[in-house]
Amino acid sequence: MLFGLFEQDLIAVALLGVVANFIFSFLFSWHLMQNIGVETMLETRGKKPQGWLAGLSLAVPFAKMVLTLYRVAVLQLYFLNRGYSYRDYWVYLTRDESEQP
């Protein structure tokens, strides 16, 4: 028994985290594609590497989902509420400061 969960319960929670992560990541990517366009996303994509938190989050089932929800919050609170566009958010997300136009 680990943290009060049986092994089957732990596996079920991990699988739920993987499925939830897939759903949230897919929906967020689809939302960006609908608002930016695939061609524009490919043209403006930079070479910014993923942060250390993204790599670490792969080990914890719900952590990547939380990271995706954090990115949604940044998009809404910082970019859209201040008048920036989805394209501005995409450039911020994928480019280093040295690559900024």
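Along every chain, residues carry numbers that run from 1 in the direction the sequence is written. Under the rules for a predicted model, residues below a pLDDT of 70 receive no local features and side-chain atom pairs below 80 are neither given nor counted, while totals for whole chains, interfaces and linings still include all residues. The side-chain values count all of the structure's non-hydrogen atoms but skip hydrogen atoms and water molecules.

Caption draft 1: Fine view of a nonpolar patch on the surface. Patches in this entry comprise residues that are over 30% relatively accessible and not in a salt bridge; like charges within 9 Å are linked, as are nonpolar side chains (Val, Leu, Ile, Met, Phe, Trp, Tyr) within 5 Å. Accessible surface area values rest on a Shrake-Rupley calculation with a 1.4 Å probe, where residue burial reflects the displayed protein chains alone. Each salt bridge in this description consists of a side-chain nitrogen of Lys or Arg and a carboxyl oxygen of Asp or Glu lying within 4 Å of one another. Nonpolar side chains collect at one region of the surface, where V19, F22, I23, F26, L27, W30, M33, V38 and L42 lie side by side and expose about 910 Å² of accessible area between them. Helix and strand assignments follow DSSP, with helices taken as H or I runs no shorter than four residues and strands as E runs no shorter than two, numbered in order from the N terminus. Elements with a contribution of two residues or more to the nonpolar patch: helix 1 (7-36) and helix 2 (38-44). Of all the elements, helix 1 adds the most residues to the nonpolar patch, at seven residues. Considering the arrangement of structural elements, one finds F26 in helix 1.

Caption draft 2: Structural context of the nonpolar core. Residues belong to a common nonpolar core when they are buried Ala, Val, Leu, Ile, Met, Phe, Trp, Tyr or Cys residues joined through side-chain atoms within 4.5 Å. Exposure classes here rest on a 1.4 Å probe applied to the protein chains alone. A residue is buried below 20% of its type maximum, exposed above 50%, and partly exposed in between. With ten residues, the main nonpolar core is built from F28, L32, I36, M41, V74, L75, F79, Y86, Y89 and W90. Residue assignment for this core shows that the elements contributing at least two residues are helix 1, helix 4 (63-79) and helix 5 (86-94). Note on definitions: a residue-residue contact is assigned when non-hydrogen atoms from the two residues lie within 4.5 Å. Leave out the neighbours within four places in its chain, and V74 touches F79, Y89 and Y92.

Caption draft 3: Structural detail: the side chain of T44. By the secondary structure assignment, T44 is in helix 2. Classification of T44 as buried rests on a relative accessible area of 5%. Two N or O atoms form a polar contact when they lie within 3.5 Å of each other; inside protein one atom must be a possible hydrogen donor and the other a possible acceptor, and for residues adjacent in sequence the pair counts only when both atoms belong to side chains. Engagement of the side chain of T44 in a polar contact is seen with the backbone oxygen of T40, the distance being 2.8 Å. Ignoring anything within four residues of it in the chain, the contact list for T44 reads R87, W90, V91, T94 and R95.

Caption draft 4: Structural detail: helix 4. Over its 17 residues, helix 4 extends 23 Å from the first C-alpha to the last, a length consistent with the 24 Å expected when each residue adds 1.5 Å. Taken as a whole, helix 4 has its buried residues at M65, L67, T68, V74, L75 and F79. Expected helix span is computed as 1.5 Å times (number of residues minus one).

Caption draft 5: Structural view of the packing of helix 4 against helix 5. The axes are straight lines fitted to the C-alpha atoms, using for helices just the contacting stretch, and the angles between their N-to-C directions are given from 0 to 180°. Two elements in contact, helix 4 and helix 5, have axes separated by 11 Å at closest approach and are oriented at 130°. Viewed along their axes, helix 4 and helix 5 adopt a mutual orientation that is oblique. In this structure, helix 4 meets helix 5 at a crossing whose hand is right-handed. Residue-level inspection shows R71, V74, L75 and F79 of helix 4 in contact with helix 5, the latter providing Y86, D88, Y89, Y92 and L93. When residues are grouped by polarity, Ala, Val, Leu, Ile, Met, Phe, Trp, Tyr, Cys and Pro land in nonpolar, Asp, Glu, Lys and Arg in charged, and all others, Gly among them, in polar. In the contact of helix 4 with helix 5, the residues fall into seven nonpolar, no polar and two charged. Just so you know how the angles are binned, under 35 degrees is roughly parallel, over 145 roughly antiparallel, 65 to 115 roughly perpendicular, and the rest oblique. Here a crossing is called left-handed whenever its near helix is offset anticlockwise from the far helix by less than a right angle, and right-handed whenever the offset is clockwise.

Caption draft 6: Layout of the packing of aromatic side chains. In this analysis, rings of Phe, Tyr and Trp, with Trp reduced to its six-membered ring, are considered paired at centre separations within 6.5 Å, and the interplanar angle assigns stacked below 30 degrees, edge-to-face beyond 60, and tilted for intermediate values. Under the criterion given, the structure shown has seven aromatic pairs. Geometrically, the ring pair formed by F22 and F26 is stacked, given 6.2 Å between the ring centres and 15° between the ring planes. You can see F22 and its partner F26 sitting in helix 1, four residues apart, about one turn around the helix. A relative accessible area of 58% means that F22 is categorised as exposed. With a relative accessible area of 49%, F26 lands in the partly exposed category. Ring geometry for F79 and Y92: centres 5.3 Å apart, planes at 45°, overall tilted. Within this pair, whereas F79 is found in helix 4, its partner Y92 is found in helix 5, the two being separated by 13 residues in sequence. Judged by its relative accessible area of 5%, F79 is buried. The rings of F28, Y78, F79, Y84, Y89 and Y92 are connected pair by pair, giving a single aromatic cluster.

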